[in-house]
Amino acid sequence: METAKYYKLKDLPLDKVFFWSYDKEKAELPLSLIMEPIIEKGNMEDLYALFNIFPLKELRDAYFSDLRPVLSGENKDYYKLRPTAKPDKQSVWLMDLLFKTAAEMKLNKETA
């Protein structure tokens, strides 16, 4: 089983407003916890920054294994623990589209 990679917030060129509850100098987070507030509250520039900062494979793995099941409502246990939380189908649609586009762009670069 692969161990999750942790990133130091202070080293990331991301808007720290997304991480208001963390000590920015000391916090080390897995990619899924870095992605979640940006997906939920960020704009397209913020999402684009994720794709520029992190390897596509790491983003894809974190999104499809950790975030998508929660955001789509597939992970029912999450919503039992947080009854006021609602699935975010719009973010799921957008992220699925971004990953599909990124994969197609990579394929086009390799065949060009």
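All figures in this text were calculated on a predicted structure; none of them were measured in a lab. (Residues numbered from 1 in each chain as written. Predicted model: local features only at pLDDT ≥ 70, side-chain atom pairs only at ≥ 80, totals over all residues. Heavy atoms only, no water.)

### Describing the environment of F99
Note the cut-off: Starting at the N terminus, helices and strands are each numbered in turn, a helix being any DSSP run of H or I of at least four residues and a strand any DSSP run of E of at least two.
Note that F99 resides in helix α5 (residues 89–111). Taking the C-alpha atoms as reference points, F99 and K57, separated by 42 residues in sequence, lie 10.0 Å from one another.

### A closer look at the pattern of salt bridges
Side chains bearing opposite charge may pair, as long as their charged atoms lie close to each other. Our working definition: The salt bridge criterion pairs a side-chain nitrogen of Lys or Arg with a carboxyl oxygen of Asp or Glu, the two atoms within 4 Å. Throughout this description, buried means an accessible area under 20% of the type-specific maximum (1.4 Å probe, protein chains only), exposed means over 50%, and partly exposed covers the range between.
This structure, assessed with the given rule, holds 5 salt bridges. Ionic pairing is found between K57 and D61, a salt bridge with its closest N-O pair at 2.8 Å. Here D61 and K57 lie together in helix α3 (residues 56–72), a separation of 4 residues that amounts to about one turn. K57 sits in the exposed class, given a relative accessible area of 53%. A relative accessible area of 36% means that D61 is categorised as partly exposed. The residue R68 makes a salt bridge to E74 at a minimum N-O spacing of 3.0 Å. Taking relative accessible area as the criterion, E74 reaches 52% and is therefore assigned exposed. Residues participating in the shared-partner salt-bridge network are R68, E74 and D96.

### Quick look at the confidence of the model for the chain
Fine structural detail should not be taken from predicted coordinates in areas where pLDDT scores are low. Stated precisely, the cut-off is as follows: What pLDDT expresses is the predictor's confidence in each residue, scored from 0 to 100.
Model confidence for the chain is summarised by a mean pLDDT of 88, while 92% of its residues fall at 70 or above. The secondary-structure element of the chain with the lowest mean pLDDT is helix α4 (residues 76–81), recorded at 78, while strand β1 (residues 6–8) shows the highest, at 96.

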